[in-house]
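# Structure assessment
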Amino acid sequence: MERNTCMILALDVTEREEALKIAENVREFVDAIKVGYPLILATGLDIIRELARFAPVIADFKVADIPNTNRLICEQVFKAGADAVIVQGFTGRDSLDACIEVASKYGKDVFVVSEMSHPGGAEFLQSAAEAIAKMAVEAGAFGLVAPATRPERVKEIRKIIGDRLTIISPGVGAQGGKASDVISAGADWVIVGRSIYKAESPKEAACEIAEEIQAELRGK
């Protein structure tokens, strides 16, 4: 995945036409589009290939099962046209290996959740986040998911992984995270959803956040 704007759109709408319209309107400001269960369950897997016309698609299924089931899920995700998948790390190395094996077969990427961006994400996952980060490096994942709502945690994860993995960081905007703060902390991409797709003008909202990111990068 190429790093140009350093922003990923989280497209958690449930209407096909709305999703395609937003994706087309903001395509110049995002490096990828993240889709999850709300859009996929509402419209079907075919939406992945339709959205891929505008930007690479990350399937945020937070895959968390035994190795064989993980393998089957990832096969379907990549056959549908996704460029990457998000998986959980707490299920262990064998389950992660299964996802990475399938991704390698298709020439695609795997992002591993270290901890999530909502307040509850710190209750259980935070204590395991550093071990998960180390495992992701050893397993050969492409990147980690770390919370924009807690930039200090992004900084800690970056210390562990160095430049061996990328970091994508959700929670900017509606959840309270600030794009410039998390880029400064070491994230490669910020993930923004409601602040863009619920805006009166998604294009203008995306442009503003993209400008904030670029200003931070210029200041580094």
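Everything discussed here concerns the structure shown above.
Attention in this report is confined to the structure presented alongside it. A quick note: this is a predicted structure, and the numbers were derived from the prediction, not measured.

## Quick word on the packing of helix α1 (residues 16–26) against helix α10 (residues 202–219)
Look at α1 against α10: their axes get within 9 Å of each other, and the N-to-C directions meet at 45°. Our classification of the angle between α1 and α10 gives oblique. At the point where α1 passes α10, the crossing takes the right-handed sense. Contacts from Ile22, Asn25 and Val26 in α1 reach Pro202, Lys203 and Ala206 in α10.

## Thoughts on the environment of Ile167
Tracing the sequence through the fold places Ile167 in strand β7 (residues 166–172). For Ile167, a relative accessible area of 0% corresponds to the buried category. In sequence terms Ile167 and Pro202 are 35 residues apart; their C-alpha atoms lie 24 Å from each other. Those residues within four positions of Ile167 in sequence are excluded, and the remaining contacts are Leu144, Ala146, Val154, Ile157, Arg158, Ile161, Gly186, Ala187, Asp188 and Trp189.

## Some remarks on the sheet that holds strand β2 (residues 32–35)
The sheet built from 8 strands closes into a barrel, its strands ordered β1-β2-β3-β4-β5-β6-β7-β8 with parallel pairing. Shown here is a sheet whose adjacent strand axes are inclined to one another by a mean of 30°, direction ignored.

## Here's the deal with the nonpolar core
Core analysis: the biggest nonpolar cluster contains 69 residues, and Met7, Leu11, Leu51, Val85, Val110, Val112 and Val190 have the highest contact counts within it. For this core, the leading source of residues is helix α6 (residues 129–139), giving 7 residues. With near-sequence residues (within four places) excluded, Val190 lies in contact with Cys6, Met7, Ile8, Ser169, Val172, Ala179, Val182, Ile183 and Ile213. Judged by nonpolar contacts, the second largest core, of 13 residues, contains Ile8, Phe111, Val145 and Trp189.

## Focus on the side chain of Ser180
If you trace the backbone, Ser180 turns up in helix α8 (residues 179–185). Of note is the side chain of Ser180, whose polar atom sits 2.9 Å from the side chain of Lys178. Beyond its immediate chain neighbours, meaning those up to four positions away, Ser180 contacts Glu212 and Glu216.

## Quick look at the packing of helix α4 (residues 67–79) against helix α5 (residues 93–106)
At a minimum axis distance of 8 Å, the contact between α4 and α5 shows a crossing angle of 30°. Viewed along their axes, α4 and α5 adopt a mutual orientation that is roughly parallel. Relative to α5, α4 is oriented so that their crossing is right-handed. Of the residues in α5, those in contact with Pro67, Asn70, Arg71, Cys74, Glu75, Phe78 and Lys79 of α4 are Asp94, Ser95, Ala98, Cys99, Glu101, Val102, Ala103, Lys105 and Tyr106. Looking at the contact of α4 with α5 residue by residue, the class counts come to 8 nonpolar, 2 polar and 6 charged.

## Points about the pattern of salt bridges
When the charged atoms of two side chains with opposite charge come close together, those side chains can pair. One pass over the full model with this rule turns up 15 salt bridges. One salt bridge connects Lys62 with Asp60, and the closest N-O pair in it is separated by 2.9 Å. The exposure class assigned to Lys62 is partly exposed, which follows from its relative accessible area of 29%. According to the relative accessible area criterion, Asp60 is buried, its value standing at 8%. Of the charged contacts, one joins Arg150 and Glu115 as a salt bridge, the two residues approaching to 3.4 Å between their closest N and O atoms. Here Glu115 lies in the loop between β5 (109–113) and α6 and Arg150 lies in the loop between β6 (143–145) and α7 (151–161), a separation of 35 residues in the sequence. In this pair, the class of Arg150 matches that of Glu115, namely buried. It is possible to trace a salt-bridge network through shared partners that takes in Glu115, Glu130, Arg150 and Arg153.

About the cut-offs
- Residues numbered from 1 in each chain as written.
- Predicted model: local features only at pLDDT ≥ 70, side-chain atom pairs only at ≥ 80, totals over all residues.
- Heavy atoms only, no water.
- Axes fitted to C-alpha atoms, helices over the stretch in contact; angles between N-to-C directions.
- Helix = DSSP H or I, 4+ residues; strand = E, 2+ residues; numbered from the N terminus.
- Parallel < 35°, antiparallel > 145°, perpendicular 65-115°, else oblique.
- Left-handed = near helix turned anticlockwise from the far one by under 90°.
- Contact = heavy atoms within 4.5 Å.
- Buried < 20%, exposed > 50% of the residue type's maximum accessible area, 1.4 Å probe, protein only.
- Pairing = 2+ DSSP bridges.
- Core = buried A, V, L, I, M, F, W, Y, C linked by side-chain atoms within 4.5 Å.
- Polar contact = N/O pair within 3.5 Å; in protein donor to acceptor, adjacent residues only side chain to side chain.
- Nonpolar A, V, L, I, M, F, W, Y, C, P; charged D, E, K, R; others polar.
- Salt bridge = Lys/Arg side-chain N within 4 Å of Asp/Glu carboxyl O.

Read these as layout, nothing more, since geometry by itself doesn't imply function.
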